[in-house]
Every structure is written in structure tokens, then in C-alpha cells.
There are 2 protein chains.
Amino acid sequence: MKRIAIDMDDVMSDTTGRKIEWYERDFKVKVNREEMKGKYLNQHVPIKHKGAVREYARHPEFFKELDIFPECQRVIEDLTKKFDVFIVTATMPYPNSYVYKYEWMKKNFPFIDIRNVVYCGHKYMIDADYMIDDHAYNLETFKGKGLLYSCEHNSEDTRFERLDNWFDVENFFLNL
Amino acid sequence: MKRIAIDMDDVMSDTTGRKIEWYERDFKVKVNREEMKGKYLNQHVPIKHKGAVREYARHPEFFKELDIFPECQRVIEDLTKKFDVFIVTATMPYPNSYVYKYEWMKKNFPFIDIRNVVYCGHKYMIDADYMIDDHAYNLETFKGKGLLYSCEHNSEDTRFERLDNWFDVENFFLNL
């Protein structure tokens, strides 16, 4: 059975969406995601707001009940029938995320055995056939087939096959 | 640089020691570790105590400040100079452990980058050259060289090269 390593933040959960939501709430401005192309939110906002945006992910409740991207649950459940699916999230530097991510998986992805969830930092020691990730640096060191999940910050990268949404993920693996 | 995956419970930390300590405290009996050969504590105690022992690892404070095995810190620090060291702990089923393990690593192993710590369940998707683990089932599915760290429950297993303590770990890797 081929193995797929699936990232969580900005692939399964709309982590950037929460940052934008908090930023809009705190600074009373509206962010147009279209204008963020090639940038993280902290690179897009005025320099005086950068620090605050960078700290969001360390807030005790930042990772609580993040929104799930459309069709993600259905597609991952389908994938588990044909593939060995691991959820691999580089969350170790964020201890405030640990229990929220566990609860989020248990609640929203009950069909994933918790033993198939990995909290890590680096990902280059993950042995899998496919990796779906929004960070090109994780795909650069991956020995299998890397699939770049679209997110504003990676929109300029052309080195990897790109999946824009969970319909794309479904189509990719259906057509293998 | 060759990569070593090092388990935490019963390899770096005396997890079984804490179970014994709590068991002796709760049931007013003395456990002789010599007599546990080939068994986990829950298999060694009278049947009426099994359930309580099994639950210890789920207690909110079970993983708080576990004892470290002698020489473990010094040897791991030395290993990091010549090897790519990952700490790989199958702790995902125990959310009560997550933050304690993070704090324990930060306090006692400050020379290990937190990005080199992995919380997982299964370990067969870890790509490394060496794995030090007290659970033979993790070594059975490992593609590199498996090293069995001695613990009461694995004392009968003869399938893997055995390391009894951290002097043995040091000698093994010095003599490569």
C-alpha cells in the first residue's frame, strides 16, 4: 500500500485564514487574499504589524477548532481505503497547538487512527511515496513525489506539481 | 551524516520506574524489578491491579518530570556532534504527555533542536540508519539497524542487538 504524508496547517485546516481573521479583528483592516500572492501574512502587512502577526501562532487558543477546507474530510476518508495515510504536521515548536490538534483530529477525522498522526519539525526523515504540503522546503528534501498544496505564500513556486484544493487531491490520486 | 532515531519512554526516561513507584504507593507493595523479566508491570501484578496500572499513563501528571537514565544526556549530546539525532516517541495516544515531554526536552536536552523531536504512533515511516527502542515491534518494521534498549518487558527477546544502558549506547556508536 502506497503511503501519503499529508500536512495539516494550510492543507487540511485554514490556518492562514485564522491569522487573517485575527489581524482584521485587531487592526480593523480588510485583507484581500488575492493580493497576498507569494507572501505570508506577516510579509504582506505594514511593517509595524509584522510582530503581532508573527505571534498569533503562539497564542494559547490560536489552533483551537480551525476551519477545515471543503471536501478535505471526505477525500481523506476515501484515500484511507486505498493508501496508508499519515497526517504529518510540523507543529513541535508550538506546544499550544498539541492538544487542540489532537482534539481536532479526533472530532473531524475519526477514521484516522491517532497512531497515523505525526507531530514533527523537520520532515525529511518521513518515508512515504507522496507528500502533500504547502511548504516547498518540505518537498525539496522529500524523496518521494512532492505535491504542493496551493497557499498564498507559495503561489510563485513552479517546481512541484500543484494541487489547488481537495478536488484536485482527489483527482490526482484517482488518476494514478 | 547518519541518522539515529531514539525512543524516549524506557530508553531516555524511566517510565516503567514511575509506574512501579505509583503502584507501590497505591497498593503498599514492593516490586522487585528483577522478577518482572519478560513482562510489563501490568502483566506482573495481581490480576485485580492490572486495570489501575494500565490507566497510570493516562493520568494528567504521569509524564511530568520523569527521571532520566544515567549518562543519557551526556551521550546524546556527544552523539549530536557526529549523527543526525531524532527523538521519536510513540506518544500520540497520550495527549496528557504532550506538553510535559516538550518541557522535559527543553529543560534536559536543550542541545536537541525541537524540530528533531517527533511525536508519533507507528514508527515504520521513520527513515533513519539506526533506531534505539525498547519495543521490538518498532524494530521489526524498521528498515535500518535496530538496537533493542533493555527493559524488563523485552528481556527474553534475542532477535536484536541489545544495549543495556547509555554506556552501551556510547560504546556501540564509538566503535562504528
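A short tour of the structure in this document, coming up. Everything quoted here is computed from the prediction, not taken from an experiment. (Residues numbered from 1 in each chain as written. Chains lettered and ligands numbered in written order. Predicted model: local features only at pLDDT ≥ 70, side-chain atom pairs only at ≥ 80, totals over all residues. Heavy atoms only, no water.)

## Observations concerning the overall build of chain A
- Scanning chain A from N- to C-terminus turns up seven helices and six strands.
- Going from N to C terminus, chain A has its helices and strands arranged as β-α-α-α-α-β-α-β-β-α-β-β-α.
- Its C-alpha radius of gyration of 16 Å places chain A within 12% of the 16 Å reference for a compact globule of 176 residues.
- Across its three principal directions, the C-alpha atoms of chain A cover 50 × 35 × 30 Å.
- Here chain A holds 176 residues, and the buried ones make up 55% of them.
- Within chain A, contacts between residues separated by at least 24 positions form 64% of all contacts whose residues are at least 6 apart in sequence.
- Summed over its atoms, the accessible surface of chain A is roughly 8,400 Å², and 48% of this surface lies on carbon and sulfur atoms. (Helix = DSSP H or I, 4+ residues; strand = E, 2+ residues; numbered from the N terminus. Rg over C-alpha atoms; globule rule 2.2 N^0.38 Å. Buried < 20%, exposed > 50% of the residue type's maximum accessible area, 1.4 Å probe, protein only. Contact = heavy atoms within 4.5 Å. Areas by Shrake-Rupley, 256 points an atom, 1.4 Å probe, with all protein chains shown as cover.)

## Regarding the packing of aromatic side chains
- Applying the stated criterion to the full structure yields 36 aromatic pairs over all chains.
- Centre to centre, the rings of Tyr102(A) and Tyr98(B) are 6.1 Å apart; their planes meet at 75°, and the pair counts as edge-to-face. Here the residue Tyr102(A) occupies a position in helix 5 (residues 98-108), and Tyr98(B) occupies one in helix 5 (residues 98-108), the pair thus bridging two chains.
- By relative accessible area, Tyr98(B) is classed as buried at 0%.
- Aromatic rings pair up to connect Tyr98(A), Tyr102(A), Tyr119(A), Tyr98(B), Tyr102(B) and Tyr119(B) into one cluster.
- One Lys or Arg, Arg25(A), reaches over the ring of Trp22(A) and ends 4.8 Å from the middle of that ring. (Phe/Tyr/Trp six-rings, centres within 6.5 Å; stacked < 30°, edge-to-face > 60°. Lys NZ or Arg CZ within 6 Å of the ring centre and 35° of its normal.)

## Describing the environment of Glu170(A)
- As for its position among the elements, Glu170(A) is in helix 7 (residues 166-174).
- Setting aside its immediate chain neighbours within four residues, Glu170(A) contacts Arg74(A), Val75(A) and Asp78(A).

## Concerning the packing of helix 4 (residues 72-82) of chain A against helix 7 of chain A
Residue and element names in this part refer to chain A.
- Contact geometry for helix 4 and helix 7: axes closest at 9 Å, N-to-C directions at 20°. Considering the angle they form, helix 4 stands roughly parallel to helix 7. Crossing handedness for the pair helix 4 and helix 7: left-handed. Contacts from Cys 72, Arg 74, Val 75, Ile 76, Asp 78 and Leu 79 in helix 4 reach Trp 166, Phe 167, Val 169, Glu 170 and Phe 173 in helix 7.
- Looking at the contact of helix 4 with helix 7 residue by residue, the class counts come to eight nonpolar, no polar and three charged. (Axes fitted to C-alpha atoms, helices over the stretch in contact; angles between N-to-C directions. Parallel < 35°, antiparallel > 145°, perpendicular 65-115°, else oblique. Left-handed = near helix turned anticlockwise from the far one by under 90°. Nonpolar A, V, L, I, M, F, W, Y, C, P; charged D, E, K, R; others polar.)

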